[in-house]
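# Overview (structure and organization)
Read off the chains here:
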Amino acid sequence: TGATVVVGEATIGGWWGAVSRGAVSAGGRYVAYGIHEAEAEVRDLEPLVDAARASLREEGRPDPFLGDPRGFRRWVAARLDRARVGERDGQVVFVGYAAVRLEAGHLLQGVYTWPRARRQGIGAAGVASLCRVAFAAGAEHVQLSVVQGNAAARDLYARLGFRPHSTLRTILFV
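The sections below set out a description of the structure shown in this document. (Residues numbered from 1 in each chain as written. Predicted model: local features only at pLDDT ≥ 70, side-chain atom pairs only at ≥ 80, totals over all residues. Heavy atoms only, no water.)

Among the nonpolar cores identified, the biggest contains 23 residues, and L108, V127, V142, Y157, L160 and F162 are the most heavily contacted of them. Broken down by secondary-structure element, the contributors of at least two residues to this core are β7 (91–101), α3 (122–136), β9 (141–147) and α4 (151–159). It is α3 that contributes the most residues to this core, eight residues altogether. Setting aside residues up to four positions removed in sequence, V127 forms contacts with F94, L108, V111, Y157, L160 and F162. If you look at the next biggest cluster of nonpolar residues, it comprises 16 residues, including A51, A52, Y97 and Y112. (Core = buried A, V, L, I, M, F, W, Y, C linked by side-chain atoms within 4.5 Å. Buried < 20%, exposed > 50% of the residue type's maximum accessible area, 1.4 Å probe, protein only. Helix = DSSP H or I, 4+ residues; strand = E, 2+ residues; numbered from the N terminus. Contact = heavy atoms within 4.5 Å.)

Walk down a regular strand and you will see the side chains alternate between the two sheet faces. Where burial is concerned, most of β7 is hidden: eight out of the 11 residues are buried. As defined by bridge partners, strand β6 (residues 83–88) adjoins β7 across six bridges and the pair is classed as antiparallel. Directly across from R84, in β7, lies its bridge partner G96. The antiparallel pairing of β6 with β7 creates a hairpin that spans two residues between the two strands, and D89 there sits at a positive phi of about 55°. With six bridges connecting them, β7 and strand β8 (residues 106–113) associate as antiparallel partners. (Pairing = 2+ DSSP bridges.)

Moving on: the pattern of salt bridges. Inspection of every chain in the model, using the stated rule, returns 11 salt bridges. For R84, the salt bridge is made with E37, and the minimal N-O distance between the two is 2.3 Å. Of this pair, R84 sits in strand β6 while E37 sits in strand β5 (residues 36–39), placing them 47 residues apart in sequence. Exposure class is identical for R84 and E37. Each is buried. With a shortest N-O distance of 3.0 Å, E41 and R43 are connected by a salt bridge. What you see here is one network of salt bridges that share partners, running through E41, R43 and E87. (Salt bridge = Lys/Arg side-chain N within 4 Å of Asp/Glu carboxyl O.)

See below:
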């Protein structure tokens, strides 16, 4: 089964795109949305696992818990140092990773907002925060990908200044 994704200067199995330094248009801080954002900590592992699993399932991909749940948890844990979380009322409601962090650019992955927190500006604030962190670290651009058909995410990234770059196709082996 193939999946198309869009990348934030672009698409994966859909669209991928990028944004350059100074182009992120979402102002303010996470705090403006009643959100506390920070680097992920070990205590955030369960919400990170939940978000990664939910994201895959929402994309129509296989549930990783049907295979090797402990291996999946180890995979998420190995990315902990690249994750940022947003909390509201003591609950994680946003996660995102700078999966690749190079001077030339950062690649965002695993961007996820819990359903109960969607359409409230939290995703925009979280992605904008990830971009600000990347640019503060010296990155020249930030890129990401979006699964084809995720119009809400594409619209969000476009509002933040991301522009389509290319369409990629991924193949899932199950």
